[in-house]
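Residues per chain, in single letters:
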Amino acid sequence: MTDLCKHVLLIGGGHAHVAVLADWARGGLPCPKATLLTPHKTLRYSGTVPGWISGQYERDAGLVDLAALAAAAGVELKLDRCVGIDPQALIAKTADGGHVSFDIASIDTGGIGRAELLLGSDPRLLDVRPIDDFVRKLDGFGSVAHSAVVGGGAAGVELAFALRNRSGGTQVTLFAGESGVLPEQSSPVRRKVARELDRQNITCIDEDVQLHDDVLRPFDLIVAALGSGAPDWPGQSGLKTSEEGFIAVDRHQRSTSHPHIFAVGDVAMRTDREVAHSGVHAVMAGPVLADNLRAAISGLQPSKVYRPRWFSLYLLSTARGEAILSYGPLAAQGKWAARLKHWIDMRWIRHYAKTGRGL
């Protein structure tokens, strides 16, 4: 343990910070004091949410116990939301009007929803971000005859399948946008998804929409899966940001303007290369962040770099016992892919559950 850094502050309970807490639980707290500032005691693993909607999982099957992980790591848990940071005075401002001091801070709060900004305001509209609010609101939404999903990415596709197979059944229309379904995936994957949408009688419309458009009037529920937006407070706090407002970080996940501040996941944007805002990258960057924080706490230069593979593995649940596999130019579909997806998701959740229990 070193006196160079007396207090580390983890802002947000995202996927990467779960890996940091687990590293500290296994290897010991690398500084005299650490605090986790987050509004929730648990992290909801978004990969299990479509399975909950379609009846595969219980609602809370995908929860990671942040409180238990923090306790195992010797980290103080403060349940509040960060609303600003003073990088010179070394304090984070909280929603309750208080503040938390730090020597080194790491930010993993995730992005924010963009539904109202891009579509407008409507009581039928549910944004998938933040995911806990989405689950709570959908759980209490009641009977739905016809649902619309806006967004043609992986989240939109999985949610369309899940809603189609929700208990009681619902007609679903997917508004994929002008770029169509899964524009960044290979042609074979897109063809398999298109065939599955047709097989499940899910109408797919390749156009952009807004809530005042006549085409959305018949729907009882409108789910927005439009990707991650940037919160305002990092830029307003003086941290350098991208044009879109995400915290600009170098290859070691350090702020390019304030190197004693790290950021990872959907709230950040790498300046050395393009890394998509995707859960798979946030998960994989976690151990790298843990190593770099240990180095910085010891007064050393961080050296670890998260380098995404050429291709990332995606498994899209059809909500009918199968999944569609995407890996670069490769595409496949079957029950075996659904079993693989379940195994990967449950392995991640159980690993951190065991760490939180000290196993």
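Quick caveat: nothing in here was measured; it's all calculated off a predicted structure.

(A) Local environment of the side chain of Thr 48. Mapping Thr 48 onto the fold places it in the loop between β3 (42-44) and α2 (49-53). At a separation of 3.0 Å, a polar atom in the side chain of Thr 48 contacts the main-chain carbonyl oxygen of Tyr 45.

(B) Seen up close, the pattern of salt bridges. Counting across every chain of the model gives 16 salt bridges. Arg 217 serves as the salt-bridge partner of Asp 214, at 3.1 Å between the closest nitrogen and oxygen. Each member of the pair, Asp 214 as well as Arg 217, carries the same accessibility label: exposed.

(C) How the structure looks around the layout of surface pockets. Roughly 220 Å³ of volume is contained in the second largest pocket. As for the second largest pocket, its lining consists of 13 residues, of which Ala 115, Glu 116, Leu 125, Asp 127 and Lys 137 are closest to the centre. Mapped by element, the contributors of at least two residues to the lining of the second largest pocket are α4 (115-119), β10 (125-127) and α5 (131-139). Looking at the lining of the second largest pocket, its residues break down into five nonpolar, one polar and seven charged.

(D) Geometry of the sheet that holds strand β6 (residues 82-86). Spatially, β6-β7-β8 is the arrangement adopted by the three strands of the open sheet, whose pairing is antiparallel. Since the sheet does not close on itself, it has two edges, and those belong to β6 and β8 (99-101), each with one partner. The mean angle between the axes of side-by-side strands here comes to 20°, regardless of whether they run parallel or antiparallel. Bridge count for strand β7 (residues 91-94) against β8 is three bridges, and the pairing is antiparallel. Bridge assignment links Ile 91 to a residue of β8, and that residue is Ser 101.

(E) Region of the structure containing the pairing of strand β12 (residues 171-175). Most of β12 sits inside the fold, with four of its five residues counted as buried. Bridge analysis of strand β11 (residues 146-150) against β12 gives five bridges, and the strand direction is parallel. What sits directly across from Ala 148, in β12, is Thr 173. For the segment spanning β11, helix α6 (residues 154-164) and β12, crossover handedness is right-handed. In terms of handedness, the path from β12 via helix α7 (residues 187-199) over to strand β13 (residues 203-205) forms a crossover that is right-handed.

Basis of the calculations
- Residues numbered from 1 in each chain as written.
- Predicted model: local features only at pLDDT ≥ 70, side-chain atom pairs only at ≥ 80, totals over all residues.
- Heavy atoms only, no water.
- Helix = DSSP H or I, 4+ residues; strand = E, 2+ residues; numbered from the N terminus.
- Polar contact = N/O pair within 3.5 Å; in protein donor to acceptor, adjacent residues only side chain to side chain.
- Salt bridge = Lys/Arg side-chain N within 4 Å of Asp/Glu carboxyl O.
- Buried < 20%, exposed > 50% of the residue type's maximum accessible area, 1.4 Å probe, protein only.
- 1 Å grid on protein atoms, 1.4 Å probe; cavity = no way out; pocket = protein on both sides within 12 Å on 5 of 7 lines; lining within 4 Å.
- Points joined across faces, edges and corners; volume = space filled by probe spheres on them.
- Nonpolar A, V, L, I, M, F, W, Y, C, P; charged D, E, K, R; others polar.
- Pairing = 2+ DSSP bridges.
- Axes fitted to C-alpha atoms, helices over the stretch in contact; angles between N-to-C directions.
- Right-handed = clockwise from strand over helix to strand, strands pointing away.

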